[in-house]
Amino acid sequence: MISVEQHLERILATVKVIPPFDLGVLDAQGCVLAVDVQARGSLPGFTNSAMDGYAVHAADVTTASPDSPVVLPVVNDIAAGNTKALSLATGQTMRIMTGAPMPHGADAVVPVEATDGGVVKVEIRESRGVGAHVREVGEDVEAGNVVLRRGTLLGPGQIALLAAAGISRVRVVPRPRVVVVSTGDELVEVGRTPGFGQIVDSNSVMLTAAVTAVGATPFRVGGVPDDARTLLDTLEGQLVRADVIITTGGVSMGAFDTVKEVLSRVGTVQFDKVAMRPGMPQGFGVLGEDKVPVFTLPGNPVSALVSFHVFVAPALRAMAGRPEPSYPPGYVPAVAAEPFRSVPGKMEFVRVVLDDDRARLAGGQGSHMLGALAAADALAVIPADVSEVAAGDELLCLPLLGREGQ
């Protein structure tokens, strides 16, 4: 039997960052930049108004007050999108909208709220200094400057910056393509009523959702029968579109554990007992000329999802160019809200609900219990050398994908 840390270390030592390529900025959301990106233009690209109001020479309104307003003639209107170069003489003003280009000579904007809103002439009732409510060209980003560094994860804000800076395509590490394969003669497709001895194929649906939640691209292949030739043909056929393959089921010690039977013959997948609960039977290796990583997860649904969080998710993040800190990655501190027992000699992943920083049991902890799994929002990690947890004991908890409040 090996430890959780040993199994994860072997996985992370095997997987590689996916080679980068160019994508359009919208397609690149959720990807990691492979190179630094420089702005092609300045932001703002021209000096413009930050307010609806009146463009002025600041020197003309230094004495303005509610009791003694400065009255100026309004000689023009400037709308956002105006493309004509305008100049403002001293002693005059122009109405200006937010985002509209400042006329040459004007050095401040008086908000409309500080005026009487006149259209022929206007009373300026408050003074404004040079630069007031003016966005200077390049004050946010200067052309040629690096706007995003290699290793940046692209979200909506980063996509907006790239687009505004004139970048239409970027070189990124792509999202891993993950094929999820469920095996078993007993499986029926979601939506069908299972017969006696049959179960709905919830595992492949669950793992497909987990792949999406971690930021990778899933392809689901459900319900492969317990036939060695069919399974091998299926796996080999999926290699063309897979950066990773995940199987669920067929990895224990039973007479019909086809995944283990088939991949043991291949010789590039190693099967181990990992000192953890749930999820003890684990397999990992590579397939094909491109050495596609293969994770063989247990068939019990809780075991499969716990295994995904502990082993597969860190590997997918690493392949996507998002290396995590050393084990345990992504864990948060909490305290036990109630006492409970653990099996000595195995790291236990207990389904819990987090109320602020207090962890309480989510329900039954059997590896088949989907109700408790759905109620949980984290896994409390109990070290292998701990057999009893008292109320108030400190814990590390791994938030479940999709339940982090994001």
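None of these values were measured; they are calculated from a predicted model.

A. Highlighting helix α5 (residues 258-266). Where α5 is concerned, the buried positions are Thr258, Val259, Val262 and Leu263. Each buried residue of α5 lies within a common arc of 105 degrees when the element is viewed along its axis, so the set occupies one face. Buried residues along α5 sit against β13 (177-183), α4 (228-238), β17 (244-248), β18 (269-273), β20 (281-287) and β21 (292-297). Following α5 by one or two positions, Gly267 has its phi on the positive side, about 90 degrees.

B. Examining a nonpolar patch on the surface more closely. Together, Val190, Val200 and Val205 give the surface a local cluster of nonpolar side chains, amounting to about 200 Å² of exposed area. With respect to the secondary-structure elements, Val190 resides in the loop between β14 (187-188) and β15 (199-200).

C. Main features of the packing of α4 against α5. Orientation of α4 relative to α5, taken along the N-to-C sense of each, is 65 degrees, at an axis distance of 9 Å. Of the two possible hands of crossing, α4 and α5 adopt the one that is right-handed. On α5, the residues that touch Ala228, Leu231, Leu232 and Leu235 of α4 are Thr258, Val259, Glu261, Val262, Leu263, Arg265 and Val266. Across the contact of α4 with α5, the residue classes break down as eight nonpolar, one polar and two charged.

D. Looking closely at the nonpolar core. Grouped together as the largest cluster of nonpolar side chains are 47 residues, with contacts concentrated most on Ile246, Phe295, Phe308 and Phe349. At the level of elements, α1 (4-14), β13, α3 (202-213), β17, β21, α6 (301-319), β24 (347-355) and β26 (378-382) are the ones that each hand at least two residues to this core.

E. Quick peek at the environment of Ala336. Summarising the element assignment, Ala336 is placed in strand β22 (residues 332-336). Classification of Ala336 as buried rests on a relative accessible area of 0%. As a C-alpha pair, Ala336 and Ala163 span 173 residues in sequence and 47 Å in three-dimensional space. What Ala336 contacts, discounting residues up to four positions off in sequence, is Arg358, Ala359, Val389, Ala390, Ala391, Gly392, Asp393 and Leu395.

F. Just the pattern of salt bridges, in detail. Per the counting criterion, the structure on display carries 13 salt bridges. The partner of Asp77 in a salt bridge is Arg95, with the nearest N and O atoms 2.9 Å apart. Separated by 18 residues along the polypeptide, Asp77 in strand β6 (residues 70-78) and Arg95 in strand β7 (residues 93-96) bring together distant segments of the chain. On the basis of relative accessible area, Arg95 is assigned to the partly exposed category, the value being 24%. A salt bridge links Arg229 to Asp233, with the shortest nitrogen-to-oxygen separation between them at 2.9 Å. Within this pair, Arg229 and its partner Asp233 are both found in helix α4, separated by four residues, close to a single helical turn. By relative accessible area, Arg229 is classed as partly exposed at 49%.

About the thresholds
- Here the residue numbering is sequential within each chain, running from 1 through the sequence in written order.
- Where totals are concerned, whole chains, interfaces and linings use all residues; where local detail is concerned, this predicted model gives features only for residues with pLDDT of at least 70, and gives and counts side-chain atom pairs only at 80 or more.
- To get the side-chain values, take all heavy atoms of the structure and skip hydrogens and water.
- Throughout, exposure labels follow a simple rule: accessible area from a 1.4 Å probe, protein chains only, divided by the maximum for the residue type, with under 20% read as buried, over 50% as exposed, and the rest as partly exposed.
- To qualify as a helix, a DSSP run of H or I must reach at least 4 residues; to qualify as a strand, a run of E must reach at least 2; elements of each kind are numbered from the N terminus.
- The directions from the helix axis to the C-beta atoms are what the arc is built from.
- Contact between two residues is taken to exist if any of their heavy atoms lie within 4.5 Å; hydrogens are not considered.
- Residues qualify for a patch when their relative accessible area is over 30% and they have no salt bridge, like charges being joined within 9 Å and the nonpolar side chains of Val, Leu, Ile, Met, Phe, Trp and Tyr within 5 Å.
- For the accessible areas, the method is Shrake-Rupley and the probe is 1.4 Å, while residue cover comes only from the protein chains on display.
- What makes a salt bridge here is a side-chain nitrogen of Lys or Arg within 4 Å of a carboxyl oxygen of Asp or Glu, nothing more.
- Lines fitted to the C-alpha atoms define the axes, with helices restricted to the stretch that makes contact. Angles between their N-to-C directions range from 0 to 180 degrees.
- Crossings are sorted by hand: turned counterclockwise from the far helix by less than a right angle, the near helix makes the crossing left-handed, and turned clockwise it makes it right-handed.
- Basically, the charged four are Asp, Glu, Lys and Arg, the nonpolar ten are Ala, Val, Leu, Ile, Met, Phe, Trp, Tyr, Cys and Pro, and anything else, Gly included, counts as polar.
- To qualify as a nonpolar core, a set must consist of buried Ala, Val, Leu, Ile, Met, Phe, Trp, Tyr and Cys residues joined through side-chain atoms within 4.5 Å.

The quantities given are spatial measurements derived from coordinates; they are silent on function.
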